[in-house]
Amino acid sequence: MATNADFNALIVRIDTATNTLETSVDAVANGASDIKDSVVLAQQAATQAQNSAGAASNSATAAALASANA
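These remarks concern the structure in this document. Because the structure is predicted, anything quoted here is derived from the model rather than measured.

A few points about the overall build of the chain
Looking only at helices and strands, the chain features one helix and zero strands. Relative to a compact globule of 70 residues, whose C-alpha radius of gyration would be 11 Å, the chain shows 30 Å and is clearly more extended. Summarising its shape, the C-alpha atoms of the chain cover approximately 100 × 15 × 5 Å along the three principal directions. Buried residues in the chain amount to 0% of all 70 residues.

Okay, here's the thing in structure tokens:
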């Protein structure tokens, strides 16, 4: 038969498990936010790289045309 001490020990274990779970959930939520920020930065960098590649291509085309017409 369970005693009052058994129930008290169970309550302590439940409290500990709840605190651990809450801490883990916070860590996951914060990590997800960091990942989201990193994805946004990566998308911005990719856009800038595409723009730079387009500008370089345009410059190369212009230089090739100028060279051909010279």
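We are not done yet, so read on.
Points about a nonpolar patch on the surface
On the surface, a nonpolar cluster with roughly 280 Å² of combined accessible area is contributed by Phe 7, Leu 10 and Ile 14. Its location among the elements puts Ile 14 in helix α1 (residues 4-69). Owing to a relative accessible area of 46%, Ile 14 belongs among the partly exposed residues under this scheme.

Quick notes on the rules
Residues numbered from 1 in each chain as written. Predicted model: local features only at pLDDT ≥ 70, side-chain atom pairs only at ≥ 80, totals over all residues. Heavy atoms only, no water. Helix = DSSP H or I, 4+ residues; strand = E, 2+ residues; numbered from the N terminus. Rg over C-alpha atoms; globule rule 2.2 N^0.38 Å. Buried < 20%, exposed > 50% of the residue type's maximum accessible area, 1.4 Å probe, protein only. Patch = residues over 30% accessible without salt bridge, like charges linked within 9 Å, V, L, I, M, F, W, Y side chains within 5 Å. Areas by Shrake-Rupley, 256 points an atom, 1.4 Å probe, with all protein chains shown as cover. Salt bridge = Lys/Arg side-chain N within 4 Å of Asp/Glu carboxyl O.

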